[in-house]
Amino acid sequence: MATTDRQTATLALAHALSAAERGLPVIPLSATKLPALRSPHRDDPEPVLCRGECGMPGHGVHDATTDPAGVRALFAAAPWATGYGIACGRPPHHLIGIDLDTKSSTDSLAALQHLALLHLFTIPETVTVLTPSGGRHLWLTGPPDVVVPNSASRLAPGIDVRGAGGYLVGPGSVTAHGAYRLAPGTAELSPAPCPGALLRLITPPARHPAPPSSSRPPQGQGQGLVQFVLAAHEGQRNTRLFWAACRAYENGFGDELADALTSAAVQAGLPEREARATIASAERLTTGRPGR
């Protein structure tokens, strides 16, 4: 191994040990950003469903550990590692990564800011990692009883979410495309709690049995959402309608309330076509359906 390679590997281990000391489970990564250790079951004649129960390393994010001896052992088994991954969704931090990509034609940071405006939450100051491509990773923490899945551009084009079963490339890692580094001013921060409204957006809604076609939403709740839209002033009509429609679809009666919400938005001064388009956007975001 060349001297430069040895230095890179030594620095990767040092950064990984530092992260592990802060309670962040880590694994070694290769320059491709993939786990550095290959599966011990790769030559088995039949597929094996193993998440490390065999006791061998090479199970990707399932190898992640905060134990210093364990971290050293993983890196000793992968001396070619040039970086490290941080497992998301694991205690004690239950890390959630918001990956703002720059490869998309969409401005992902602007898209996140737009979602924050629509859903009335503030993007908190938190640990931010700058990527070699010009993107950034925002580190947030989630509650222990909520499982956040991984997703790619579901929240908005160019915004990926790293949750349970996923990992983030740690700052100080070196890849084939460059180094990951902490954004200025965030090194001393702790990961901020994920805003409740954002957490609801990145967590799939609970599955409810489809109600009979003749059913209606609970009177109080449905009417409350309609009144919320009716009370909208100029400049907040679309935002209120989108928020109300998301809540209706999350609670399983969006289709039944759509016409009433449209009527309320029109009375508040929103064109009907725009109102229906907003409701369709809320349906797509909360249910994954294409929208009406």
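Residues numbered from 1 in each chain as written. Predicted model: local features only at pLDDT ≥ 70, side-chain atom pairs only at ≥ 80, totals over all residues. Heavy atoms only, no water.

Colleague: Even after reading the chapter, I still don't get helix α7 (residues 254-268), so can you show me in this structure?
Modeller: Given 3.6 residues to a turn, an α-helix orients residues that are three or four positions apart in the same direction. Between its terminal C-alpha atoms α7 stretches 19 Å, which fits the 21 Å expected from 15 residues at 1.5 Å a residue. The largest bend in α7 comes to about 25°, at alanine 260. Within α7 the residues assigned to the buried category are Gly254, Leu257, Ala258, Leu261, Thr262, Ala264, Ala265 and Ala268. Within two residues after α7, glycine 269 carries a phi angle of roughly 115°, on the positive side. (Helix = DSSP H or I, 4+ residues; strand = E, 2+ residues; numbered from the N terminus. Expected span 1.5 Å × (residues − 1). Bend = angle between axes of the 7 residues up to and from the residue. Buried < 20%, exposed > 50% of the residue type's maximum accessible area, 1.4 Å probe, protein only.)

Colleague: Would you mind showing me how to read the environment of alanine 231 here?
Modeller: Tracing the chain through its elements places alanine 231 in the loop between α5 (219-230) and α6 (237-250). Taking the C-alpha atoms as reference, alanine 231 lies 59 Å from proline 57; in sequence the two are 174 residues apart. The residues touching alanine 231, leaving out its near neighbours within four places in the chain, are Gln236 and Arg240. (Contact = heavy atoms within 4.5 Å.)

Colleague: Please clarify how the confidence of the model for the protein should be interpreted in this entry.
Modeller: Detailed conclusions should not be drawn from predicted coordinates in areas where pLDDT is low. A residue-level look at the protein finds 90% of positions with pLDDT of 70 or above and a mean pLDDT of 87. This stretch, residues 207-215, has a pLDDT under 50; its non-local contacts, to residues over four places away or in other chains, come to four contacts. (pLDDT = per-residue confidence, 0-100.)

Colleague: Would you explain the sheet that holds strand β8 (residues 167-169) in this entry?
Modeller: What the three strands build is an open sheet, ordered β1-β2-β8; its pairing is antiparallel. Pairing within the sheet leaves two strands with one partner each, and these edge strands are β1 (26-29) and β8. Across the sheet, the axes of successive neighbouring strands diverge by a mean angle of 35°, strand direction being ignored. As paired elements, strand β2 (residues 83-87) and β8 share three bridges and run antiparallel to each other. Note on β8: the bridge partner recorded for alanine 87 is tyrosine 167. Running at roughly 15° to β1, helix α2 (residues 68-77) makes contact with β1 and β2 of the sheet. (Pairing = 2+ DSSP bridges. Axes fitted to C-alpha atoms, helices over the stretch in contact; angles between N-to-C directions.)

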